[in-house]
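Examination of the molecular architecture
Take a look at the letters that make up each chain.
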Amino acid sequence: MIEASVMSAVTASFPVRRQDFGFEDVPRHWVDNDPFMTHLFNALSALFPDGERYFVASVRAVRDKVQDPQLQKDIGAFIGQEAMHAKEHGHFNEGAIRNGFDIKKLEGWTRSFLSVKDLPLLNNNRVHLAGTVALEHFTGILSAQLLKREDLVEAIDPTMRTLWAWHCIEENEHKAVAFDTYQQVYGKGAADYAVRMGTMALATVLVMVAIHAFIVELMREDKELTNLKSWAQGLNRLWGRQGMFTAIIPEYLDYFRPDFHPWQHDTNFLLRKWRKNLGFA
């Protein structure tokens, strides 16, 4: 056990920011007045409430095995930040429902994707935490990419811009917590590396299928399935030469290096810039 006096002398590396956004005035197409780009972000938001709760549960399940006081404090802040993300995106999703989009259906699909964790070979704390480590890497590099792309941030309606910038900041603040927890609890051996790589491969397939399936469903509900201009522009902004997903491929592949650590991708300059922009500590 960690001595209470040691714990009390340590503070978390990042804060938990209590938020309470309002979503009453969000326009129907709130990213660049475009259906595809709006539904990309709606799709991500549909993944977040249950996804964030899964992250929290997987880290909390092994927290008592962590002996490092600093990491213990950071786990507490990680749990606080992720719980706040789940709450705020849950509230936004309710607003999207008022706009006529069946986000509850998509949240159900998210739970179906996450149910793979209950398969016999995957239903253990090590694999669950490895899944969180993999998905936190994905959200971290995607969030950093959004913060780098001021054209995309500016394309987000002001009613939603702070929500996404705040979320992206915090994903980068805590991007190494699950990774460090995994390495402290399970080590850095070949077997532990293999578990992390296997879960990343599975997580990548599930996330990519989920995002694109959600976009298709939301475009269908929006009666925009035949909007070829929106599809072409949107897919180019994802997978084109300057696309968001194309741009993160090198950082995604870094995860497979045996000596990888999330802070090898130094995003402190982005954090300083966007904390200042939003008036955060």
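Residues numbered from 1 in each chain as written. Predicted model: local features only at pLDDT ≥ 70, side-chain atom pairs only at ≥ 80, totals over all residues. Heavy atoms only, no water.

**Re the pattern of salt bridges**
Throughout the structure, instances matching the rule amount to 18 salt bridges. Here Lys105 and Glu217 are joined by a salt bridge, their closest N and O atoms 3.0 Å apart. Taken together, the residues Lys105 in helix α4 (residues 103-114) and Glu217 in helix α9 (residues 190-221) connect sequence positions 112 residues apart. Asp259 is the salt-bridge partner of Arg257, the closest N and O atoms lying 3.2 Å from each other. You can call Asp259 exposed: its relative accessible area is 53%. (Salt bridge = Lys/Arg side-chain N within 4 Å of Asp/Glu carboxyl O. Helix = DSSP H or I, 4+ residues; strand = E, 2+ residues; numbered from the N terminus. Buried < 20%, exposed > 50% of the residue type's maximum accessible area, 1.4 Å probe, protein only.)

**Some remarks on helix α2 (residues 35-60)**
Look at α2: 38 Å from first C-alpha to last across 26 residues, which is about the 38 Å you get at 1.5 Å a residue. The axis of α2 is deflected most strongly, by about 40 degrees, at Phe48, and proline Pro49 appears within four residues downstream. With 23 of its 26 residues buried, α2 lies for the most part within the structure. (Expected span 1.5 Å × (residues − 1). Bend = angle between axes of the 7 residues up to and from the residue.)

**Some details on helix α7 (residues 158-173)**
Taking 1.5 Å of rise per residue, 16 residues should cover 22 Å, and α7 covers 23 Å from first to last C-alpha, within 8% of that figure. Among the 16 residues that make up α7, 12 are buried, leaving the element largely enclosed by the rest of the structure. All of the buried residues in α7 are Met160, Leu163, Trp164, Ala165, Trp166, His167, Cys168, Ile169, Glu170, Glu171, Asn172 and Glu173.

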